[in-house]
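Fold and geometry: a report
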Amino acid sequence: MKDTIETTEIHPLLKAVVELLQAHRGAFRQERTFRRSMGLVFGELFSFARHTVTQGLLAIGITDGDWSAFYRLFSQPRYDEEVLANCLLAETLQHVPEKDAYVVAVDGTSIHRSSLKMPGSSWLKDSRFSAFRPGVHRAQRFLHGAWLTPIAAGFSRAIPLRFLPAFPPKAVPAEQPSQREWEAGLTFLKWVRTQLDVAGRKQQTILALADGGFDVLELWRGLPKQVVLLVRTARNRALFHLPEPDPERGAGRPPSYGAASKKPAEWLHAGLRNWPKHTLKVRGKDIQMRYQVLGPFVRDGLPEIPVFLLVIKGMHKLVGKKKKAYKHKGPSFYLVSAVKHKGQWLLPFSIPFLLSWLWQRWEIEVAHREMKSGLGIGQMQCWNTRSAVVSVQWSVWLYAILLLAGYRTWGLLNGPATPARWWKGAHRWSLTTLWRTFRAALWGTVEFRACWSPSHNNWWEKDAWLDSLGNAVAAAARI
């Protein structure tokens, strides 16, 4: 591969990814380590087997020589993960106007491991088992913090910003200290707030979406200013009305709580007749939601932070072409931060805005599936206390770079057509479509163009040709 690539003569998708890679140059200490990282990026695109360092090097033709310098990218502090994330977040700001909310989502996930001595690994609950018969597996636990792209025709995408370790106290010791998922989530939200302030966006509001595991008192107390949390809550959460002023009250500390409110699930059968309806466009389908906004309330143990309760009724409808099957979705309950305006506590955003983003939180789960099943994060054979974590974070950063390049090139809905004759493709382009386009675009360049090499008449030359061909076949077959 040449030292420089003329971005004006290549595919727009390649131009976008090269520009993004150059924007992250400041995270690497030396130019040669940055170039090695770029080589591994293109090697990952052509890795048809496992996504390891070795397979990436074989894919770009580095079959001979010392590979230790590439492994030292992860075992030694050759680059700073936080600086890498700072550069990535800065690249996303051009897609979100300062007047709009910067929407992020946080969720915990685990990377399966088979070694009992892997740094950061421990026995965790395995989500691949059923709920009525849970199981465990050996894994590393991480906090995934992602930016959600602006919604277009009911579609969005989760682009990872940080992948922070959230190892339990009993995990095998690693460079990073143990912490809970909500602690890592709070660290992520503080980091996002800091980066927006550094970029001159101190007035921009952050909307953070989370599941029920982040409805923790300490996280609510630690939220930075201009951060709104929309989190799922328990159906039996203890809530209280705000204390009412009493002019006849004497001296002493004012009350922290008002009268006890109903539990979230009790509002479903409280005799409320007027349930507002709102129809959303979600992934190409119209979905009608019935909801109630109640409050403001305060949580038990958290009297200083008012919140609103959002109750969404369940859905039970006929689905399918013949309308013979039923699809049921149970009710759900959410808490959202309240903001004070002219002495009154109000919702931070409109109801349609909050409802539309509640559905998009699932995009972070889609990203988990694509990263694990598609990109193979966690497959790099890096075992020491640093590389066991940094190699995973590097793979997640690579996934984010590729997605952001696709988003800049096509948006969300204008991807290329699939090569199949009987199907034009989904409304939103997939990771497979992105990957296929990257490979086709690279094969069109001189540096990556495949050449047909006929056999030679001289048997001595033919022997060397067969050796080189066998080497490529063995690399692809992982022999």
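Relevant structure appears above.
Residues numbered from 1 in each chain as written. Predicted model: local features only at pLDDT ≥ 70, side-chain atom pairs only at ≥ 80, totals over all residues. Heavy atoms only, no water.

Attention shifts here to the side chain of Arg439. You can see Arg439 is positioned in helix 11 (residues 431-443). Summary of buried charges: Arg439 has no salt-bridge partner, and the nearest side chain of opposite charge, Glu44, is 8.3 Å away. Aside from chain neighbours lying at most four places away, what touches Arg439 is Leu45, Phe46, Ser47 and Phe48. (Helix = DSSP H or I, 4+ residues; strand = E, 2+ residues; numbered from the N terminus. Buried < 20%, exposed > 50% of the residue type's maximum accessible area, 1.4 Å probe, protein only. Lys, Arg positive; Asp, Glu negative; His and termini not counted. Salt bridge = Lys/Arg side-chain N within 4 Å of Asp/Glu carboxyl O. Contact = heavy atoms within 4.5 Å.)

What follows covers the packing of helix 2 (residues 31-45) against helix 10 (residues 387-410). Closest axis-to-axis distance for the helix 2/helix 10 pair is 11 Å, and the angle between their directions is 70°. In terms of orientation, helix 2 lies roughly perpendicular with respect to helix 10. For the pair helix 2 and helix 10, the contacting residues are Ser37, Leu40, Val41, Glu44 and Leu45 in the first and Trp394, Trp397, Leu398 and Leu402 in the second. Along the lines of polarity and charge, the residues of the contact of helix 2 with helix 10 split into 7 nonpolar, 1 polar and 1 charged. (Axes fitted to C-alpha atoms, helices over the stretch in contact; angles between N-to-C directions. Parallel < 35°, antiparallel > 145°, perpendicular 65-115°, else oblique. Nonpolar A, V, L, I, M, F, W, Y, C, P; charged D, E, K, R; others polar.)

Below, the discussion takes up the environment of Leu403. You can see Leu403 is positioned in helix 10. On the basis of relative accessibility, which here comes to 1%, the residue Leu403 falls in the buried class. C-alpha of Leu403 to C-alpha of Trp435: the two residues are 32 residues apart in sequence and 9.7 Å apart in space. In this view, Leu403 contacts Arg157, Ala158, Ile159, Trp429 and Leu434; residues no more than four positions away in its chain are not counted.

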